[in-house]
There are 2 protein chains.
Amino acid sequence: MDKNDAYILERQVGFVMRRAVQRHIAIFSALIPEMTPTQFAALAKLCELGQASQNELGRLTSMDVATIKGVVDRLRARELITSAPLESDKRRLMLAPTRKGRAMYRKYAAQAAEVSRQTLAPLDEGEQRQLMQLLERII
Amino acid sequence: MDKNDAYILERQVGFVMRRAVQRHIAIFSALIPEMTPTQFAALAKLCELGQASQNELGRLTSMDVATIKGVVDRLRARELITSAPLESDKRRLMLAPTRKGRAMYRKYAAQAAEVSRQTLAPLDEGEQRQLMQLLERII
DNA sequence: CATATTTTGTTTGTGTACAAATAGACTGTG
DNA sequence: CACAGTCTATTTGTACACAAACAAAATATG
């Protein structure tokens, strides 16, 4: 194998992104130890929507059916959201934030934005915008 | 809350990176269904080094002690690597790829590079370089 | 209307990922 | 030498993440 063809782990996008996500999660849990990024994402989206079915919430937060179920179970166990089968479509489980859930969201929304700021802190504003745009294009 | 201050999930780095990683993993498992990105990373690094202790391999692949143990266990179960306590330091577990492990690495190294190419395919070469550089700076 | 298909949710199994507690082995310093 | 501190590995518990298989409900289509 030619030297230039060598597979260098540290130069693969997947590896670098995995490490960047690790750092991001570390920042998140330092600033918001009360919940995980995933749980906050689900709660935030549900607060934005007011209500949504479990499936719908999963799609909007990019979690598959098994994952969103676990996240919802944990949020419900902490009484941050409620769930009830929909009368008009008994397959669907309608979710809504509780008063406590909305309070939790309001309490941490600013902190969550700060997590993004700290994650991007090594870059200047232009670079931050650039990174976000490039990432959005490889989704 | 001001409209401009609104927390928009889709614009948070963490959320976008998580989705980008999801797409990357999907591409990886389509091209290399035989193993996970994590397992390949550990195998690749071990092949590059020739040998390493479990702890060392974990550090170099950014996996914590519990994670690297699981990955090593699975690679060993498939006879892709061997492990043996080091005589001169009985705490350490020295790992080395087997002939089969090295063959597996050689077989998939080109595919793994192709995974990176496909992940970055929506971007032109300059943008790909840019994205990698920006990601490396927020690690 | 009857049934084939799709949608929603659950369950099971495997694989990262990390925190915290534990145990055994090494190292440094008094 | 003794022993305090450090390093390596293991174990346990929790939380994503996804595939696959299943059941129940709704919808589409003949």
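Everything discussed here concerns the structure shown above.
All values reported here derive from a predicted model rather than from experimental measurement.

Before going further, it helps to examine the interface of chain B and chain A. At the interface, 45 residues of chain B touch 45 residues of chain A. Interface area, chain B with chain A, both sides summed: about 4500 Å², of which 68% is carbon and sulfur. Of all residues in chain B, Y7(B), I138(B) and I139(B) bury the most surface against chain A, accounting for 15% of the area lost on that side. At the surface where chain B touches chain A, the tally comes to four salt bridges. Two residues, E127(A) and R137(B), come together in a salt bridge whose shortest N-O distance is 2.9 Å. Linking chain B with chain A are 18 residue pairs in polar contact (both at pLDDT 80 or more), by the criterion used here. Per element, the largest residue contribution to the side of chain B that touches chain A is 12 residues, and it comes from helix α1 (residues 13-31) of chain B.

Let us look at the sheet that holds strand β2 (residues 81-86) of chain A. Residues and elements named next belong to chain A. Taking strand neighbours across the sheet as the criterion, the three strands line up as β1-β3-β2 in an open arrangement whose pairing is antiparallel. Edge positions in the sheet fall to β1 (52-53) and β2, since each has one partner strand and no second. Both β1 and strand β3 (residues 89-97) contribute to a ladder of two bridges, which runs antiparallel. In the sheet register, A52 faces β3, and the bridge partner there is L95. On top of the sheet, helix α2 (residues 37-49) reaches β1, β2 and β3; it is set at about 100° to β3, its chief contact.

Lining the immediate surroundings of DNA strand D are 24 residues, of which T36(A), R74(A), N55(B), R91(B) and L93(B) lie closest. Within 4 Å of the protein, atoms of DNA strand D come from sugar and phosphate in 80% of cases. Residue R74(A) places a side-chain N or O atom 2.6 Å away from a phosphate oxygen belonging to DNA strand D. Here L93(B) contributes a backbone N or O atom positioned 2.3 Å from a phosphate oxygen of DNA strand D. Looking at the surface near DNA strand D, the elements that each hand over two or more residues are α2, α4 (65-77) and β3 of chain A together with α1, α3 (54-60), α4 (65-77) and β3 (89-97) of chain B. Looking at the surface near DNA strand D, the element that brings in the most residues is α4(A), giving four residues. Across the surface near DNA strand D, the residue classes break down as five nonpolar, nine polar and 10 charged.

Taken as a whole, this structure holds 16 salt bridges over all chains when the rule is applied. In this structure, K69(B) and D73(B) form a salt bridge, with 2.8 Å as the shortest nitrogen-oxygen distance. Highlighted residues: K69(B) and D73(B), both in helix α4, separated by four residues, approximately one helical turn. Measuring nitrogen to oxygen at the nearest pair gives 2.9 Å for the salt bridge that ties R91(B) to D89(B). We classify R91(B) as exposed; its relative accessible area is 74%. Each of E10(A), K45(B) and E48(B) takes part in one network of salt bridges that share partners.

It is worth spelling out the relation of the copies chain B and chain A at this point. Copies of the same chain, two in number, are related to each other by a rotation about an axis and a translation along it. After a rotation of 180° and a shift along the axis of 0.0 Å, chain B superposes on chain A with an RMSD of 0.0 Å. With respect to symmetry, the two chain copies, as superposed, fit the operation of a two-fold axis. Considering only C-alpha atoms, the residue of chain B closest to the rotation axis is L131(B), which sits at 3.1 Å. Comparing interface residues between copies, 100% of those in chain B also lie at the interface in chain A; the contact surface is shared.

Let us look at the pairing of β3(B). Regular strands show a simple pattern: their side chains alternate between the two faces of the sheet. Where strand β2 (residues 81-86) of chain B lies against β3(B), six bridges are found, and the strand directions are antiparallel. By the bridge assignment, A84(B) is partnered in β3(B) with M94(B).

For the rest of this paragraph, the subject is the protein's contact with DNA strand C. As a matter of local geometry, DNA strand C sits amid 24 residues, with N55(A), R91(A), L93(A), T36(B) and Q39(B) nearest to it. Protein-proximal atoms of DNA strand C, defined as those within 4 Å of the protein, fall in sugar or phosphate at a share of 77%. Within the backbone of K90(B), an N or O atom sits 2.9 Å from a phosphate oxygen of DNA strand C. Listing elements by their share of the surface near DNA strand C, those giving two or more residues are α1 (13-31), α3 (54-60), α4 and β3 of chain A together with α2 (37-49), α4 and β3 of chain B. In terms of residues, the surface near DNA strand C owes the most to one element, α4(B), which gives four residues. Counted by class, the surface near DNA strand C contains five nonpolar, nine polar and 10 charged residues.

We now examine the sheet that holds strand β1 (residues 52-53) of chain B. Residue and element names in this part refer to chain B. Taken in spatial order, the three strands of this open sheet run β1-β3-β2, and their pairing is antiparallel. Single-partner strands in this sheet number two, and they are β1 and β2. Its contacts with the sheet put α4 on β2 and β3, and the angle it makes with β2 is roughly 120°.

Rules of the game
- Residues numbered from 1 in each chain as written.
- Chains lettered and ligands numbered in written order.
- Predicted model: local features only at pLDDT ≥ 70, side-chain atom pairs only at ≥ 80, totals over all residues.
- Heavy atoms only, no water.
- Contact = heavy atoms within 4.5 Å.
- Buried area = accessible area lost by both parts, 1.4 Å probe.
- Salt bridge = Lys/Arg side-chain N within 4 Å of Asp/Glu carboxyl O.
- Polar contact = N/O pair within 3.5 Å; in protein donor to acceptor, adjacent residues only side chain to side chain.
- Helix = DSSP H or I, 4+ residues; strand = E, 2+ residues; numbered from the N terminus.
- Pairing = 2+ DSSP bridges.
- Axes fitted to C-alpha atoms, helices over the stretch in contact; angles between N-to-C directions.
- Near = heavy atom within 4 Å.
- Nonpolar A, V, L, I, M, F, W, Y, C, P; charged D, E, K, R; others polar.
- Buried < 20%, exposed > 50% of the residue type's maximum accessible area, 1.4 Å probe, protein only.
- Least-squares fit on C-alpha atoms with pLDDT ≥ 70 in both.

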